[in-house]
Amino acid sequence: MTQSGTRTAADRLELEAGQFVKEIGEAGDDEVRDAVEDAIGDALAPADRESTADAVLLWFTDGDDDLADTLVDATSELNETGVIWVLTPKVGRPGYVEFADISEAASVAGLSSTSGTPVAQDWTATRLVVPKTDRRNSPFD
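What this report covers is the structure whose coordinates are included nearby. Keep in mind that this is a model prediction, so the values were computed, not measured. (Residues numbered from 1 in each chain as written. Predicted model: local features only at pLDDT ≥ 70, side-chain atom pairs only at ≥ 80, totals over all residues. Heavy atoms only, no water.)

1. Concerning the pattern of salt bridges
What counts is decided by this rule: When a carboxyl oxygen of Asp or Glu lies within 4 Å of a side-chain nitrogen of Lys or Arg, that pair is called a salt bridge. Runs of H or I in DSSP of at least four residues are treated as helices and runs of E of at least two as strands, each being numbered from the N terminus. Note on classification: 1.4 Å probe, protein chains only; a residue is buried when its accessible area is under 20% of the maximum for its type, exposed when over 50%, partly exposed between these limits.
All chains considered together, the criterion is met by 5 salt bridges. A salt bridge links Arg127 to Glu14, with the shortest nitrogen-to-oxygen separation between them at 3.4 Å. Of the two residues, Arg127 sits in strand β6 (residues 123-129) while Glu14 sits in the loop between α1 (9-12) and β1 (21-24), which places them 113 residues apart along the sequence. Residue Asp30 pairs with Arg33 through a salt bridge whose shortest N-O separation is 3.0 Å. Of this pair, Asp30 and Arg33 both sit in helix α2 (residues 30-40), 3 residues apart, which is roughly one turn of that helix. Among the residues examined, Asp30 registers a relative accessible area of 55% and is labelled exposed.

In structure tokens:
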């Protein structure tokens, strides 16, 4: 939280110092990136970095590759308690993605959506996790 009490994008994404965060996608918002990097105390890592992540920021806009396939790939980047934040343009912005499309892709990828939050003027984020009941059969075993 900033000194004025305003929640930053990193606060809304529940990211904090010491976490390892990967970034996937071509789009994005530099203010969100900067807030996340300030909060975690490190640069965002590309998806091809060998380590598993505490969180993945997945920038996705309408017209990008198949979201379900991208989510399956992103899931393999997570540690066993990690989360995926799908960041999409807000309603009415170019590239907007319907929540129903995100939810359907998450289901196909074996993920559950747990919450959504605005993170910037033009971007919103949807939190996806591997359901606890599926963690027993997850790739983390």
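2. A look at the packing of aromatic side chains
The criterion, for reference: Think of it this way: a Phe, Tyr or Trp ring, Trp meaning its six-membered ring, pairs with another when their centres are within 6.5 Å, and the plane angle makes it stacked under 30 degrees, edge-to-face over 60, tilted otherwise.
In total, this model carries 1 aromatic pair according to the counting rule given. Arranged with centres 4.9 Å apart and planes meeting at 85 degrees, the rings of Trp59 and Trp123 form a pair that is edge-to-face. Here Trp123 lies in strand β6 and Trp59 lies in strand β3 (residues 53-59), a separation of 64 residues in the sequence. Each member of the pair, Trp59 as well as Trp123, is classed as buried.

3. Regarding the environment of Ser51
Which entries qualify depends on this criterion: The contact criterion used throughout is that any non-hydrogen atoms of two residues lie within 4.5 Å.
Within the secondary structure, Ser51 sits in the loop between β2 (45-46) and β3. Judged by relative accessible area, Ser51 falls into the partly exposed class, the value being 40%. Residues Ser51 and Tyr96, 45 residues apart in the sequence, show an inter-C-alpha distance of 31 Å. When sequence neighbours within four positions are dropped, the list of residues in contact with Ser51 reads Phe20, Lys22 and Glu77.

4. Focus on unusual backbone geometry
In this structure, Glu14 takes a positive phi of about 60 degrees despite not being glycine. A residue is classified by how much of its surface remains accessible, and Glu14, at 47% relative accessible area, is partly exposed.

5. Some thoughts on a negative patch on the surface
For the record, the criterion: Residues form patches when they are more than 30% accessible in relative terms and have no salt bridge. Like charges link within 9 Å. Nonpolar side chains (Val, Leu, Ile, Met, Phe, Trp, Tyr) link within 5 Å. Only the protein chains shown count as cover for residues, and all accessible areas are computed by the Shrake-Rupley method using a 1.4 Å probe. Neither His nor the chain ends is counted toward charge; the positive residues are Lys and Arg and the negative residues Asp and Glu. All charge positions are set by atom: Lys at NZ, Arg at CZ, Asp at CG, Glu at CD.
The grouping of Glu26, Asp62, Asp64, Asp65, Asp66, Asp69, Asp73, Glu98, Asp101 and Glu104 at the surface amounts to a negative patch. Among the elements of the structure, α3 (67-75) and α4 (99-108) are those that each provide at least two residues to the negative patch. Tracing the chain through its elements places Asp66 in the loop between β3 and α3.

6. Here we look at the nonpolar core
Condition: Here, nonpolar core means buried Ala, Val, Leu, Ile, Met, Phe, Trp, Tyr and Cys residues that are tied together by side-chain atoms lying within 4.5 Å of each other.
Core analysis: the biggest nonpolar cluster contains 22 residues, and Leu71, Ile84 and Leu111 have the highest contact counts within it. Among the elements of the structure, β3, α3, β4 (78-89) and α4 are those that each provide at least two residues to this core. When neighbours within four sequence positions are excluded, Leu71 is seen to be in contact with Leu58, Ile84, Val86, Ala105, Ala106, Ala109, Leu111 and Leu128.

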